[in-house]
Amino acid sequence: MAIRTRFAPSPTGYMHIGNLRTALYAYLVAKKDKDGKFLLRIEDTDQGRLVEGATDIIYQTLKDCNLKHDEGPDVGGDYGPYVQSERVNEGIYHDYAVKLIKRGGAHYCFCDQELVDTQRELQEARGESFKFDDPCKKISLEEAEKRVANGENYVVRLTVPESGTTYFDDEVYGRITVDNETLDESILIKSDGFPTYNFANVIDDHLMGITDVVRGNEYLSSSAKYNLIYNAFEWDIPRYIHCPPVMKDEHNKLSKRNGDASFQDLQDKGYLPEAILNYIALLGWAPEEDREIYSLEELTQAFNVKRIGTSGAIFDIEKLTWLNGMYLRAMDLDSYYNLVEPYIIDAIKGNFDKKAIAKIVQQRANTLIEIPGMLGFFDEFKDFDIELYNNKKMKTNPEVALKALEAAKPILESINDYSEENLHNELLKLPEALEMKNGQVLFPIRLAITGEQFTPGGAIEIASILGKEETLARLNKSIEALKNA
């Protein structure tokens, strides 16, 4: 049987990093099989938490990350509808709830919330974990159906065996066995007719032929109850793959609620979708090779669920930043320029070669939003402290700098072709003539024409972009400042 996986998010806001990793792992599990299918299902049964526009964010995120789903609300398929609220309207969950009741796997419950709350208070006062002792289980099915027909309010609850155990097998955590007496009889159909996640996901996974269920390990505690439903229907149980949490630190999970970055936040901060996807793949999964950079296709070939760990993985923004920089530097110049041109245009109003600027920025910027802050010196040459000429690494000071700049000035005045190649050939004759190191000449020039201690690109690249007139104007001003000091 071909593998079929699904990504089943709730449209409740931005794409959480943990959710995106679940989507990625589900995609990789499916695409490892050449005939595998990756499905998108929108789980919107919790109507109170829905956020307008969130479904569009889900579509856009998957598109940005190139996680193409084979079936889904926007692309169709043979197992639709792929939106749970539409499946509610078709009566799918109600029909299966009735079937489950008749099989003894669930029951009608007519109790009001006051009774539930009272039981909860009593059990918690005794120091017990809450388990609802539903008196409606003692009502015959015939009597219950009469009460439903008479219009009494009800919910449908899971029926849990009072003794014995239920187990489930997981590819990451192994076999987990649970005492039935510890399982609560969860609501499957709410009073508004909508199914809970605990019921809808089981029904939909079965009807859509899902073979492998990839989800976060917060669902480990519920999986035994899911198996009770599968067993009551005598359905095949899918392969479970529960993933460890993505952590903010050793004690706290990453959470948008706590202000942690979503996928959209990271994009807004200048991170590439490919880099984000590559990084989150490594949060909880260890490749067999000693490498960290993978394309999506390479991840598909390398991914193995047996190498998913059980411990939470800490999200390290510095590691993502490094990885993002590696992706940016690996791009060909044309692609890179097309990507960063808006940032450069936003930062520089002067008539400078924007593509040449992109070339020097590419070797320095690790994120896209860093770029404008690196380029202010092109439009505005500010006065700067001559103490910046003191540089131990370059072995320079104001006296060394003045000597280098005065020697460089006639050379730069004599050159008409300010191409990088020509400037390089002419300026690199100077250190030897002055019996100085390259850095003792080029560092002062770069500082003298930018006013900045750190810049993308060196003296030669920047002088080429500034052009002869602007370079000499800035050089003369800096020489005068040194002389006056």
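Please refer to the structure higher up on the page.
Note that the coordinates shown come from a computational prediction; the quantities given were computed from them, not determined experimentally. (Residues numbered from 1 in each chain as written. Predicted model: local features only at pLDDT ≥ 70, side-chain atom pairs only at ≥ 80, totals over all residues. Heavy atoms only, no water.)

Draft legend 1. How the structure looks around the pairing of strand β5 (residues 165-170). The alternating pattern of β5 places Thr166, Phe168 and Asp170 on a buried face and Thr165, Tyr167 and Asp169 on a face that is not buried. Between β5 and strand β6 (residues 174-179), which pair antiparallel in sequence order, lie three residues. (Buried < 20%, exposed > 50% of the residue type's maximum accessible area, 1.4 Å probe, protein only. Helix = DSSP H or I, 4+ residues; strand = E, 2+ residues; numbered from the N terminus. Pairing = 2+ DSSP bridges.)

Draft legend 2. Representation of the side chain of Thr300 within the structure. Locating Thr300 in the fold gives a position in helix α11 (residues 296-302). Residue class for Thr300 comes out buried when judged on its relative accessible area of 8%. Engagement of the side chain of Thr300 in a polar contact is seen with the backbone oxygen of Leu296, the distance being 2.9 Å. When sequence neighbours within four positions are dropped, the list of residues in contact with Thr300 reads Tyr27, Leu28, Lys31 and Lys32. (Polar contact = N/O pair within 3.5 Å; in protein donor to acceptor, adjacent residues only side chain to side chain. Contact = heavy atoms within 4.5 Å.)

Draft legend 3. Local environment of the nonpolar core. In this structure, Leu67, Leu375 and Phe378 are the most contacted members of the largest nonpolar core, which totals 104 residues. Dropping the residues within four chain positions of it, Leu67 is found in contact with Leu20, Ala23, Leu24, Tyr27, Phe38, Leu62, Leu277 and Leu296. Among the nonpolar cores identified, the runner-up in size contains 44 residues, and Val88, Leu183, Val213 and Ala224 belong to it. (Core = buried A, V, L, I, M, F, W, Y, C linked by side-chain atoms within 4.5 Å.)

Draft legend 4. Layout of the sheet that holds strand β4 (residues 155-158). Strand order across the open sheet formed by three strands is β3-β4-β7, with antiparallel pairing between neighbours. The sheet is open, and its two edges are formed by β3 (106-109) and β7 (187-189), each paired on a single side. Here the strands of the sheet are splayed against their neighbours by 40 degrees on average, with no regard to which way each runs. As paired strands, β4 and β7 are joined by two bridges and run antiparallel to one another. Residue pairing for β7: Arg157 is matched across the bridge by Ile187. (Axes fitted to C-alpha atoms, helices over the stretch in contact; angles between N-to-C directions.)

Draft legend 5. Focus on the packing of helix α13 (residues 333-347) against helix α14 (residues 354-362). Following both chains from N to C, one finds α13 and α14 inclined at 105 degrees, their axes separated by 9 Å at the closest point. One finds that α13 runs roughly perpendicular with respect to α14. Contact residues: α13 offers Leu333, Asp334, Tyr336, Tyr337, Val340 and Ile344, while α14 offers Lys354, Lys355, Ile357, Ala358, Lys359, Val361 and Gln362. A breakdown of the residues in the contact of α13 with α14 according to their chemical character gives eight nonpolar, one polar and four charged. (Parallel < 35°, antiparallel > 145°, perpendicular 65-115°, else oblique. Nonpolar A, V, L, I, M, F, W, Y, C, P; charged D, E, K, R; others polar.)

Draft legend 6. Region of interest: the environment of Thr177. Position of Thr177 relative to the elements: it lies in strand β6. Note: C-alpha distance between Thr177 and Lys102 (75 residues apart in sequence) is 26 Å. For Thr177, the contacting residues outside a window of four places in its chain are Thr165, Thr166 and Tyr167.

Draft legend 7. Quick look at helix α8 (residues 220-233). With 14 residues, α8 extends 21 Å between its outermost C-alpha atoms, agreeing within 8% with the 20 Å of an ideal straight helix rising 1.5 Å per residue. Of all the 14 residues making up α8, twelve are buried; the element is thus mostly covered by neighbouring parts of the structure. If you check which residues of α8 are buried, you get Leu220, Ser222, Ser223, Ala224, Lys225, Tyr226, Asn227, Leu228, Ile229, Tyr230, Ala232 and Phe233. A positive phi of about 60 degrees marks Glu234, the residue just after α8. (Expected span 1.5 Å × (residues − 1).)

Draft legend 8. Focus on the side chain of Asp33. With respect to the element layout, Asp33 can be found in the loop between α1 (17-32) and β2 (37-40). Of the side chains with opposite charge, Lys34 comes closest to the buried, unpaired Asp33, at an N-O distance of 6.1 Å. A distance of 3.0 Å separates the side chain of Asp33 from the backbone nitrogen of Ile3, its partner in a polar contact. In this view, Asp33 contacts Met1, Ala2 and Ile3; residues no more than four positions away in its chain are not counted. (Lys, Arg positive; Asp, Glu negative; His and termini not counted. Salt bridge = Lys/Arg side-chain N within 4 Å of Asp/Glu carboxyl O.)

Draft legend 9. Highlighting the packing of aromatic side chains. Within this structure, the stated rule accounts for 19 aromatic pairs. With 4.2 Å between their ring centres and 10 degrees between their planes, Phe233 and Trp235 make a pair best called stacked. No difference in accessibility class separates Phe233 from Trp235, as the two residues are buried. Taken together, the aromatic side chains of Tyr25, Trp285, Tyr294 and Phe303 make up a single cluster linked through ring pairs. A cation over an aromatic ring shows up here: Lys99 above the ring of Tyr96, its NZ or CZ 4.4 Å from the ring centre. If you follow Arg175 out to its NZ or CZ, it ends over the ring of Tyr167, 3.9 Å from the centre. (Phe/Tyr/Trp six-rings, centres within 6.5 Å; stacked < 30°, edge-to-face > 60°. Lys NZ or Arg CZ within 6 Å of the ring centre and 35° of its normal.)

Draft legend 10. Layout of the pairing of strand β1 (residues 4-7). Across the two faces of β1 the burial is the same, with Arg4 and Arg6 and Thr5 and Phe7 all buried. By the bridge criterion, four bridges tie β1 to β2 in an arrangement that is parallel. Bridge assignment links Thr5 to a residue of β2, and that residue is Phe38.

Draft legend 11. The arrangement of the environment of Tyr173 in detail. Of note, Tyr173 is situated in the loop between β5 and β6. Along the primary structure Tyr173 and Asn66 are separated by 107 residues, whereas in three dimensions their C-alpha atoms are 29 Å apart. A polar contact is formed between the side chain of Tyr173 and the backbone oxygen of Thr310, at a distance of 3.1 Å.

Draft legend 12. Expanded view of the pattern of salt bridges. Following the criterion strictly, the structure yields 25 salt bridges and no others. A salt bridge links Arg175 to Asp169; the nearest nitrogen and oxygen atoms lie 2.7 Å apart. Relative accessible area serves as the criterion here: at 54%, Arg175 is assigned to the exposed category. Exposure remark for Asp169: the relative accessible area of 39% places this residue in the partly exposed category. Connected through shared salt-bridge partners, Arg6, Arg41, Glu43, Arg87, Asp204 and Asp205 make up one network.

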